[in-house]
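Here are the chains, one letter per residue:
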Amino acid sequence: MTDHHGDARRPGEILADLPEATDAGLRFVGVIRTPFATRADCPRRGDAEQGPDCRIEVAALYEPALLAVEDHARIEVLYWLHEARRDLLTQSPKSDGAQRGTFSLRSPLRPNPIGTSIVTLLRREGRVLVVRGLDCLDGTPLLDLKPARCGYAVVAPDKA
Ligand code: SAM
C-alpha cells in the first residue's frame, strides 16, 4: 500500500478513469542499459558526475543520427518509463497522506511516462553512448537524445 514500486496506491491519491489512448506515433530509437535491475535499485535522480557508467544502445537504423553527438559533453536523454502506472492524478511522495498533483512532481507515474535526464557523455562506441547520470531501469526504451541546452549553441541561422 505504501510504495510505488508496484501498483500499490497510497491513502488519498486520486486516480483517473483514463480515456482511450491516442496513437502519438512514438518510435523507440534504442534501449538504455543500466546496472539498475529493479525500481528500488534506481536512484531518484541520476548523478552526471558520480553515477555509474550506463550504455545507451541506439538502434542500428538510427546510427547516422548520432553524427557529431560527441561534440557535446552533456546530452539530454528522453526515455519511456515503461513500468510506470499512468492513472495517478495526485500522489503522496512521502506516504504521509499529503497530496501533490502529478504535474507538480518528477515522479515516474504520469499520464505519459516520459523521463528526462541530463547525462555526461563519456565516449561513443559506434552506436553506443557510454554516459553517466541515468536513473532508469535496465531495458528502459529510449525516445530521443538532444544536446543539453546549457552547452548548446544554435546551429541554424536566425529566423527572419
Ligand atoms: N530523471 C527522470 C525525470 O526527472 O524525468 C525520472 C525521474 S523518476 C523520479 C526516477 C525513478 O523512476 C527511479 O528512481 C525509479 O523508481 C523509476 N523508474 C526508473 N526507470 C523506470 C521505468 N523504466 N519504468 C518505471 N519506473 C522507472
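Residues numbered from 1 in each chain as written. Predicted model: local features only at pLDDT ≥ 70, side-chain atom pairs only at ≥ 80, totals over all residues. Heavy atoms only, no water.

Colleague: Just to check I follow, could you spell out the overall build of the protein for this structure?
Modeller: Counting its secondary structure elements, the protein contains zero helices and eight strands. Secondary structure elements of the protein occur, N-terminal to C-terminal, as β-β-β-β-β-β-β-β. Its C-alpha atoms put the protein at 50 × 40 × 30 Å along the principal axes. Burial statistics for the protein: of 160 residues in total, 37% are counted as buried. Contacts in the protein between residues at least 24 apart in sequence constitute 77% of all its contacts with a sequence separation of at least 6. In the protein, 22 side chains carry a positive charge and 23 a negative one; their mean positions are 3 Å apart. (Helix = DSSP H or I, 4+ residues; strand = E, 2+ residues; numbered from the N terminus. Buried < 20%, exposed > 50% of the residue type's maximum accessible area, 1.4 Å probe, protein only. Contact = heavy atoms within 4.5 Å. Lys, Arg positive; Asp, Glu negative; His and termini not counted. Charge placed at Lys NZ, Arg CZ, Asp CG, Glu CD.)

Colleague: I'm lost on the UniProt feature "domain: TsaA-like" (unreviewed entry) in the protein in this one. Help?
Modeller: Mapped onto the present numbering, the UniProt feature "domain: TsaA-like" (unreviewed entry) falls at residues 26-157. Taken as a whole, residues 26-157 contains 0% helix and 35% strand, while its terminal C-alpha atoms sit 29 Å from one another. (UniProt positions renumbered as here; feature names shortened; annotations may be inferred.)

Colleague: Sorry if this is basic, but what is going on with the site of the ligand here?
Modeller: Around the ligand sit 18 residues in total, of which Pro 43, His 82, Arg 106, Thr 116 and Asp 135 are the nearest. His 82 is positioned such that a nitrogen or oxygen atom in its side chain is 2.9 Å from a nitrogen atom of the ligand. Here Leu 137 contributes a backbone N or O atom positioned 3.0 Å from a nitrogen atom of the ligand. The fraction of the free accessible surface of the ligand (600 Å²) that becomes covered by protein chains is 91%. A total of three residues in the shell around the ligand trace back to one element, the largest contributor, which is strand β6 (residues 114-125). (Near = heavy atom within 4 Å. Polar contact = N/O pair within 3.5 Å; in protein donor to acceptor, adjacent residues only side chain to side chain. Areas by Shrake-Rupley, 256 points an atom, 1.4 Å probe, with all protein chains shown as cover.)

Colleague: Quick question: what am I supposed to make of the environment of Leu 121 here?
Modeller: Take Leu 121: it is sitting in strand β6. In this structure, the C-alpha to C-alpha distance between Leu 121 and Pro 111, residues ten residues apart in sequence, is 29 Å. Look past the residues within four positions of Leu 121 in its chain and what remains in contact with it is Val 69, Glu 70, His 72, Ala 73, Ile 75, Leu 129, Val 130 and Val 131.

Colleague: Which parts of the structure should I look at to understand a nonpolar patch on the surface?
Modeller: Taken together, Tyr 152, Val 154 and Val 155 make up a surface patch of nonpolar side chains, about 340 Å² in accessible area. Along the chain, Tyr 152 falls in the segment after β8 (140-147). (Patch = residues over 30% accessible without salt bridge, like charges linked within 9 Å, V, L, I, M, F, W, Y side chains within 5 Å. Salt bridge = Lys/Arg side-chain N within 4 Å of Asp/Glu carboxyl O.)

Colleague: I tried to follow the pattern of salt bridges on my own but got confused; where do I start?
Modeller: Proximity of charged atoms lets side chains of opposite charge pair with each other. Here the structure, examined in full by the defined rule, presents ten salt bridges. The closest approach of N and O atoms between Asp 138 and Arg 33, which form a salt bridge, is 3.5 Å. Highlighted residues: Asp 138 in the loop between β7 (128-132) and β8 and Arg 33 in strand β1 (residues 30-33), separated in sequence by 105 residues. Among the residues examined, Arg 33 registers a relative accessible area of 34% and is labelled partly exposed. In this structure, the salt-bridge partner of Arg 132 is Asp 53, at a minimum N-O distance of 2.9 Å. Here Arg 132, found in strand β7, pairs with Asp 53, found in strand β2 (residues 53-58); they are 79 residues apart in sequence, far enough to count as distant. Where salt bridges share partners, they join Arg 33, Glu 57 and Asp 138 into one cluster.

Colleague: Any chance you could explain the nonpolar core here in plain terms?
Modeller: One finds Ile 56, Val 77, Leu 129, Val 131, Leu 134, Leu 142 and Leu 145 to be the most contacted residues of the largest nonpolar core, which totals 22 residues. Counting residues per element, the ones that place at least two in this core are β2, β3 (74-80), β6, β7 and β8. Excluding residues that lie within four positions of it along the chain, Ile 56 makes contacts with Val 31, Val 77, Arg 127, Val 128, Leu 129, Val 131, Leu 134, Leu 142 and Leu 145. (Core = buried A, V, L, I, M, F, W, Y, C linked by side-chain atoms within 4.5 Å.)

Colleague: Is there a simple way to think about the sheet that holds β7 in this case?
Modeller: Hydrogen bonds between backbone atoms are what pair the strands of a sheet, whose relative direction is either parallel or antiparallel. Within the closed barrel, the six strands sit side by side as β1-β2-β7-β6-β3-β8. Their pairing is antiparallel. Between one strand axis and the next, the sheet turns by 45° as a mean value, whatever way the strands run. (Pairing = 2+ DSSP bridges. Axes fitted to C-alpha atoms, helices over the stretch in contact; angles between N-to-C directions.)

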